[in-house]
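Descriptive analysis of the structure
For reference, the chains in residue letters:
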Amino acid sequence: MFARRTDQERQWSKIIIFVTDIYGIAIPNSKLLADHIAKANYPVIVPDLFAGDPVPVSVSEGSPVFNMTEWRLRHPIDAIDAIVASTIAYVQSELGGKRIGAVGYCLGGKHVPRFMASKGIDVGFIAHPSNLTTDEILAIGGPISLATAQFDGSLTQSLRRAAVDTLESMNATFQASLYSGANHGFGVRANVSVPQEKYAKAAAYAQAVQWFDAWL
Ligand SMILES: *[C@@H]1O[C@H](CO)[C@@H](O)[C@H](O)[C@H]1NC(C)=O
Ligand SMILES: *[C@@H]1O[C@H](CO)[C@@H](O)[C@H](O)[C@H]1NC(C)=O
Ligand SMILES: *[C@@H]1O[C@H](CO)[C@@H](O)[C@H](O)[C@H]1NC(C)=O
Ligand SMILES: *[C@@H]1O[C@H](CO)[C@@H](O)[C@H](O)[C@H]1NC(C)=O
């Protein structure tokens, strides 16, 4: 998927890759968010990380029939990395991208940092990353902005605090925002009936755009 604001060719050298959560490009939320980022004047590329096989959104509503273990085996970390790498190559060679930013949500929040060690992504924004390891944080080689939720079974309170400590100890150029009342996934799939979640989603969007405006 590709979206950009018309007649803004001057921005083409700066391109943003949108690295989705496990629901991939199938859910409207991600497409709408990509369009919204494009409205901030950045072309946005959204790769299909799962070759047409995302986790069905019904799983988030507690569907017991889906085998997540099996799905993860079908989409190992290396396979997702390969798609991110080919997207970076496409942006560089076909679109002429000179500076590449990336947003990553949940699962995507693990893969963006993995490419910030001189592997093509210059500036990153990640929201409620899943399974982000200390080694992956230590390898980050550019400005990174982090949007985190108070209630997150993946990036728990202790992991979140450790992540910030690690970034600080690295002297990284970073921002870490913690949104109270927000749950894992809020950056894409906020429950907008809950004022804290609605605010957190809007603020995380603004956080991302401001970050790219400053550092990309
Ligand atoms: C889920 O998939 C894994 C890996 O194929 C398998 O070992 C496990 O038995 C499955 N679980 C269920 C409940 O079917
Ligand atoms: C979490 O990340 C580690 C290191 O990248 C990897 O070995 C492990 O398989 C991942 N687990 C999940 C559930 O993705
Ligand atoms: C971080 O910056 C401080 C103060 O300039 C310096 O003492 C320290 O060695 C730096 N740490 C790293 C890992 O670069
Ligand atoms: C969203 O929040 C409202 C208010 O708390 C709640 O009634 C509703 O069930 C929530 N929707 C989802 C999909 O969780």
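Look up: the structure comes first, before these words.
A brief structural summary. (Residues numbered from 1 in each chain as written. Chains lettered and ligands numbered in written order. Predicted model: local features only at pLDDT ≥ 70, side-chain atom pairs only at ≥ 80, totals over all residues. Heavy atoms only, no water.)

**A few points about the pattern of salt bridges**
Test applied: Any Lys or Arg side-chain nitrogen located within 4 Å of an Asp or Glu carboxyl oxygen qualifies as a salt bridge. By the criteria applied, helices consist of DSSP H or I runs no shorter than four residues and strands consist of E runs no shorter than two, each listed in order from the N terminus. Note on exposure labels: buried denotes an accessible area under 20% of the residue type's maximum, exposed denotes more than 50%, and partly exposed covers the range between, all computed with a 1.4 Å probe on protein chains only.
Across all of its chains, the model carries 6 salt bridges by this definition. A salt bridge links glutamate 136 to arginine 114, with the shortest nitrogen-to-oxygen separation between them at 2.6 Å. Separated by 22 residues along the polypeptide, glutamate 136 in helix α5 (residues 134-138) and arginine 114 in helix α4 (residues 108-114) bring together distant segments of the chain. Take glutamate 136: its relative accessible area is 8%, and that puts it in the buried class. Here the residues in one salt-bridge network are Asp81, Lys110, Arg114 and Glu136, joined through shared partners.

**Some points on the pairing of strand β2 (residues 14-19)**
Note the following rule: Two strands make a pair as long as DSSP finds a minimum of two bridges between them.
Among the 6 residues of β2, 5 are classified as buried, and the element is accordingly described as predominantly covered. Pairing of β2 with strand β4 (residues 99-105) involves 6 bridges; the strand directions are parallel. Opposite isoleucine 17, over in β4, you have alanine 102 as the bridge partner. Pairing geometry for β2 and strand β3 (residues 44-45), over 2 bridges, is parallel. Paired with isoleucine 16 across the strands is valine 44, a residue of β3.

**Some words on the pairing of strand β7 (residues 174-183)**
Test applied: Handedness rule for crossovers: strands pointing away from the viewer, path from the first strand over the helix to the second running clockwise, crossover right-handed.
Where strand β6 (residues 144-151) and β7 come together, 7 bridges link them in parallel fashion. Opposite alanine 149, over in β7, you have tyrosine 179 as the bridge partner. Tracing the backbone out of β6, into helix α6 (residues 157-169) and back to the parallel element β7 gives a crossover that is right-handed.

**Observations regarding the nonpolar core**
For clarity, the threshold we go by: Residues enter a nonpolar core if they are buried and are Ala, Val, Leu, Ile, Met, Phe, Trp, Tyr or Cys, with the set joined through side-chain atoms within 4.5 Å. Every residue pair with non-hydrogen atoms within 4.5 Å of one another is taken to be in contact.
In terms of nonpolar packing, the biggest core is built from 61 residues, with Phe18, Ile37, Tyr105, Phe125 and Phe212 touching the most fellow members. Beyond its immediate stretch of four places on either side in the chain, isoleucine 37 contacts Ile16, Phe18, Tyr42, Val44, Val103, Tyr105 and Tyr205.

**Considering empty space enclosed by the protein**
So the rule is basically this: Site definitions follow a grid-based scheme: protein atoms alone, a 1 Å grid, a 1.4 Å probe that fits but cannot get out for cavities, and for pockets an open set with protein on both sides within 12 Å along at least five of seven lines, plus lining residues having an atom within 4 Å of a point. Grid points are joined across faces, edges and corners, and a volume is the space filled by probe spheres set on the points. Only Asp, Glu, Lys and Arg are considered charged in this grouping, and only Ala, Val, Leu, Ile, Met, Phe, Trp, Tyr, Cys and Pro are considered nonpolar; every other residue, Gly among them, is considered polar.
A full pass over the atoms with the stated rule returns 2 cavities of 30 Å³ or more. The volume enclosed by the largest cavity comes to roughly 40 Å³. Lining the largest cavity are Ile126, Leu132, Ile137, Ile140, Ile144, Leu146, Ala163 and Leu167. Elements with a minimum of two residues in the lining of the largest cavity: β6 and α6. Considering only residue class, the lining of the largest cavity consists of 8 nonpolar, no polar and no charged.

**Some words on the layout of surface pockets**
The calculated volume of the largest pocket comes to roughly 370 Å³. Taken together, 18 residues line the largest pocket, and the ones lying closest to its centre are Ile22, Arg72, Leu107, Ser130 and Asn131. For the lining of the largest pocket, the secondary-structure elements that each account for two or more residues are α2 (68-74), α3 (77-93) and α4. In terms of residue class, the lining of the largest pocket is built from 8 nonpolar, 6 polar and 4 charged.

**Examining the environment of alanine 89**
Structurally, the position occupied by alanine 89 is in helix α3. Each C-alpha atom of the pair alanine 89 and glycine 141 lies 18 Å from the other, and the pair is 52 residues apart in sequence.

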